[in-house]
Amino acid sequence: MYVYDAAMVLHAFDAKSGKEAWSVDVRSEHGGREIRWQNAASPLVDGGRVYVAGGGKGSSLLAFDAKSGELAWAVGDELMTHATPIAADLHGEHQIIFYVQSGLVALDPETGDERWRIGFPYRISSAASPVAHGEHVFVSAGYGVGGAVVHVAKDGDGFAPDFVWHKRNKRMNHWSTPVAKDGYLYGMFSFKKYGKGPMKCVEIATGDIMWEKSGFGPGNVILVGDHLVALGDAGQLVVVDATPDEYRERGRAELLDGKCWSSPAYADGRVYVRSTKEAACVELK
């Protein structure tokens, strides 16, 4: 298990015993530069490496061996955001995509070599991770930035990214990363609409809203098969069909007291949720 804490220390723990296997202090060992409200990004574990942002000049984007914690590579002079990096396959090439203050930067996972980049506005905080779907990458932030879709075309041995659309101060995710399925995004698209913000279905190709349902706030959505499992910020867990046709709710339970700004997790038929006050595990049938 891997944790990148608020103080920018990357930890690896044995999942059975809970003992720490190794740790790296990115601030002290790699000239790390902390962000306002401190780090909130998770590490990305992919292909035997762990990827994080936050290092200093020349080593702002970092990859570590997942078993030993040894540095695999460190590159760039980018300022971090609160967004977790993602792994994506574009035109048959595996890439690691970081959402940093300058925009999106895609790197070769083996070497850290830059494959493409595109600028995107940064204001105050960018917390939702990018979402890759086919040849497209969705990126979004609050504070007036809005949401956008980038098409990443092949250009010889390289890539040529360009915006398909950018809706300023619209289609934005405050910190809730949407999920993608069959050409559509599903998630909490709102900014500071606590308790009332809607879940929406948005077409990736156009940015058009297919449907929306209010009453979720800045909660979070995960995809389980053909269903969305949504945790509203007031502690309600809702199961919805992942279809653009209409909002179809399949089940609902009022589970938690406290504020829910966390994402549900799914494993072996069970959904795990938490708030600022308590946690719960429920069977998903």
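A brief structural summary. Since this is a predicted model, take the numbers as computed values, not measurements.

Overall, the coordinates contain eleven aromatic pairs when judged by the stated rule. Taken together, a centroid distance of 6.4 Å and an interplanar angle of 50° make the contact between Phe-138 and Trp-165 tilted. Here Phe-138 is found in strand E13 (residues 136-141), whereas its partner Trp-165 is found in strand E15 (residues 158-167), with 27 residues between them in sequence. By relative accessible area, Phe-138 is classed as buried at 2%. Taken together, the ring pairs connect Tyr-99, Phe-120 and Phe-163 into an aromatic cluster. Above the ring of Trp-261, the side-chain terminus of Lys-259 is found at 4.2 Å from the ring centroid.

Moving on: the side chain of Gln-95. Among the structural elements, Gln-95 can be located in strand E9 (residues 93-100). One polar contact links Gln-95 to Glu-93, side chain to side chain, over a distance of 3.2 Å. Among the polar contacts made by the side chain of Gln-95, one reaches the side chain of Trp-116 at a distance of 2.8 Å. Excluding anything up to four places from it in sequence, Gln-95 contacts Ile-86, Ala-87, Ala-88, Leu-90, Ala-106, Leu-107, Pro-109, Arg-115, Trp-116 and Phe-159.

Turning to the sheet that holds strand E25 (residues 270-274), a few remarks are in order. Pairing is antiparallel in the open sheet, where three strands are placed in the order E24-E25-E26. Edge positions in the sheet fall to strand E24 (265-267) and strand E26 (279-283), since each has one partner strand and no second. Here the average twist between neighbouring strands, direction ignored, is 20°. Relative to E26, E25 runs antiparallel, the two sharing five bridges. Its bridge partner being in E26, Val-271 is matched across the sheet by Val-282.

An order of E8-E9-E10-E11 is seen for the four strands of this open sheet, with the pairing classed as antiparallel. Single-partner strands in this sheet number two, and they are strand E8 (86-90) and strand E11 (114-119). Each strand axis lies, on average, 25° off the axis of its neighbour in the sheet, ignoring direction. With five bridges connecting them, strand E10 (residues 103-107) and E11 associate as antiparallel partners. Note on E11: the bridge partner recorded for Leu-107 is Glu-114.

Glancing now at empty space enclosed by the protein. As enumerated under the stated definition, the model contains one cavity of 30 Å³ or more in all. Volume-wise, the largest cavity comes out at about 40 Å³. Every residue along the wall of the largest cavity is listed here: Ala-53, Met-80, Thr-81, Ala-83, Pro-85, Phe-98, Tyr-99 and Val-100. Here the lining of the largest cavity gets three residues from one element, more than from any other, and that element is E9.

Here the largest pocket defines a volume of roughly 990 Å³. Forming the boundary of the largest pocket are 30 residues, of which Ala-40, Ser-42, Trp-261, Ser-262 and Ser-263 lie nearest the centre. Among the elements of the structure, strand E20 (220-224) and E25 are those that each provide at least two residues to the lining of the largest pocket. A per-class count over the lining of the largest pocket returns 16 nonpolar, twelve polar and two charged. In this structure, the second largest pocket encloses a volume near 150 Å³. What lines the second largest pocket is Asn-169, Lys-170, Arg-171, Met-172, Phe-189, Ser-190, Phe-191, Lys-193, Pro-198, Lys-200 and Glu-212. Looking at the lining of the second largest pocket residue by residue, the class counts come to four nonpolar, two polar and five charged.

The rules we used
Residues numbered from 1 in each chain as written. Predicted model: local features only at pLDDT ≥ 70, side-chain atom pairs only at ≥ 80, totals over all residues. Heavy atoms only, no water. Phe/Tyr/Trp six-rings, centres within 6.5 Å; stacked < 30°, edge-to-face > 60°. Helix = DSSP H or I, 4+ residues; strand = E, 2+ residues; numbered from the N terminus. Buried < 20%, exposed > 50% of the residue type's maximum accessible area, 1.4 Å probe, protein only. Lys NZ or Arg CZ within 6 Å of the ring centre and 35° of its normal. Polar contact = N/O pair within 3.5 Å; in protein donor to acceptor, adjacent residues only side chain to side chain. Contact = heavy atoms within 4.5 Å. Pairing = 2+ DSSP bridges. Axes fitted to C-alpha atoms, helices over the stretch in contact; angles between N-to-C directions. 1 Å grid on protein atoms, 1.4 Å probe; cavity = no way out; pocket = protein on both sides within 12 Å on 5 of 7 lines; lining within 4 Å. Points joined across faces, edges and corners; volume = space filled by probe spheres on them. Nonpolar A, V, L, I, M, F, W, Y, C, P; charged D, E, K, R; others polar.

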